[in-house]
Amino acid sequence: MQLLSLHVGGLPAGAPNRERFACPATAAGGPLPGLGLIVLGVLLLVGGEARVGVGLLGAGAVWALVAHRLSEQAARARAEWENTRICLACTERWAP
């Protein structure tokens with residue numbers, strides 16, 4: 001039994017199981033475009049374009065919320081991967 005993260009780190013570059021057991025990827029994108037939409041929406045609201053401003057505020061809020069949830073899911077998957085153990089004989093994995 002060994003931690004999966006240590007096992008993957010010790011595999012050579014061309015090993016067939018290196019990608020299979022690799023660390024989960026981080027979330028793509030981020031909340032920055034959503035925050036930009038929120039700022040733009042506020043500026044348009046102040047400038048008198050209420051409908052467009054409210055629409056951009058809503059779109060920015062949804063974007064930021066979805067990006068935040070994806071980031072949390074990716075962080076949980078990486079934390080689980082770091083604590084997963086692997087049997088070196090049969091390559092079965094056990095998560096905590």
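Everything here concerns the structure above.
A brief report on the enclosed structure follows.

This part is about the overall build of the protein chain. Within the protein chain, the secondary structure is distributed over 4 helices and 3 strands. Over its C-alpha atoms the protein chain spans a radius of gyration of 21 Å, topping by over 25% the 12 Å that the globule rule assigns to 96 residues. Burial status across the protein chain gives 19% buried among its 96 residues. By sequence separation, contacts in the protein chain at least 24 residues apart represent 54% of the contacts at least 6 residues apart. Of the roughly 6600 Å² of accessible surface on the protein chain, 63% is carried by carbon and sulfur atoms. Seen as two clouds, the 8 positive and the 6 negative side-chain charges of the protein chain have centres 1 Å apart.

It is worth spelling out the nonpolar core at this point. If you look at the biggest cluster of nonpolar residues, it comprises 5 residues: Leu-4, Val-8, Phe-21, Trp-81 and Ile-86. Those residues within four positions of Ile-86 in sequence are excluded, and the remaining contacts are Met-1, Gln-2, Leu-3, Leu-4, His-7, Phe-21, Thr-91, Glu-92, Arg-93 and Trp-94.

The next point concerns the side chain of His-7. One can find His-7 in helix H1 (residues 4–10). For His-7, a relative accessible area of 17% gives the class buried. Residues within four places of His-7 in sequence aside, it is in contact with Gln-2, Phe-21, Ile-86 and Leu-88.

Right, let's talk about the pattern of salt bridges for a bit. If you walk through the whole model with that rule in mind, you get 1 salt bridge. With its nearest N and O atoms 3.8 Å apart, the salt bridge here joins Glu-72 to Arg-76. Of this pair, Glu-72 and Arg-76 both sit in helix H4 (residues 50–83), 4 residues apart, roughly one helical turn. Its relative accessible area of 35% is what places Glu-72 among the partly exposed residues. Classification of Arg-76 as exposed rests on a relative accessible area of 51%.

Here we come to the environment of Gly-9. Checked against the element boundaries, Gly-9 lands in helix H1. On the basis of relative accessible area, Gly-9 is assigned to the exposed category, the value being 59%.

This part takes up the sheet that holds strand E1 (residues 2–3). Strand order in the open sheet formed by 3 strands is E1-E2-E3, and the pairing between neighbours is antiparallel. Of all strands in the sheet, those with a lone pairing partner are E1 and strand E3 (93–94), marking the two edges.

This part takes up a nonpolar patch on the surface. On the surface, a cluster of nonpolar side chains totalling about 280 Å² of accessible area is made up of Val-39, Leu-40 and Leu-43. Assignment of secondary structure puts Leu-43 in helix H3 (residues 32–47).

About the thresholds
- Position labels on residues start from 1 in each chain and follow its written sequence.
- Totals for whole chains, interfaces and linings use every residue, but because this is a predicted model, local features are given only for residues with pLDDT of at least 70 and side-chain atom pairs only at 80 or more, for both listing and counting.
- As a rule here, side-chain values cover all heavy atoms of the structure and leave hydrogens and water aside.
- Helix and strand labels come from DSSP, where a helix needs a run of H or I of at least four residues and a strand needs a run of E of at least two; each type is numbered from the N terminus.
- We compute the radius of gyration from the C-alpha atoms alone; for a globule the expected value is 2.2 Å times N to the 0.38, where N is the number of residues.
- For each residue, the accessible area found with a 1.4 Å probe, counting protein chains only, is set against the maximum for its type, and the residue is called buried under 20%, exposed over 50%, and partly exposed in between.
- Contact definition: two residues touch when any of their heavy atoms are within 4.5 Å.
- Residue exposure ignores everything except the shown protein chains as possible cover, and the areas themselves are Shrake-Rupley values with a 1.4 Å probe.
- His is not counted, nor are the chain ends, whereas Lys and Arg count as positive and Asp and Glu as negative.
- Here the site of a charge means NZ on Lys, CZ on Arg, CG on Asp, or CD on Glu.
- Buried residues of nine kinds, namely Ala, Val, Leu, Ile, Met, Phe, Trp, Tyr and Cys, make up a nonpolar core once their side-chain atoms join them within 4.5 Å.
- One side-chain nitrogen of Lys or Arg within 4 Å of one carboxyl oxygen of Asp or Glu is enough to make a salt bridge.
- DSSP bridges decide pairing: two strands pair if at least two such bridges lie between them.
- Patches here are clusters of residues that have more than 30% relative accessible area and form no salt bridge, with a 9 Å joining cutoff for like charges and a 5 Å cutoff for nonpolar side chains (Val, Leu, Ile, Met, Phe, Trp, Tyr).

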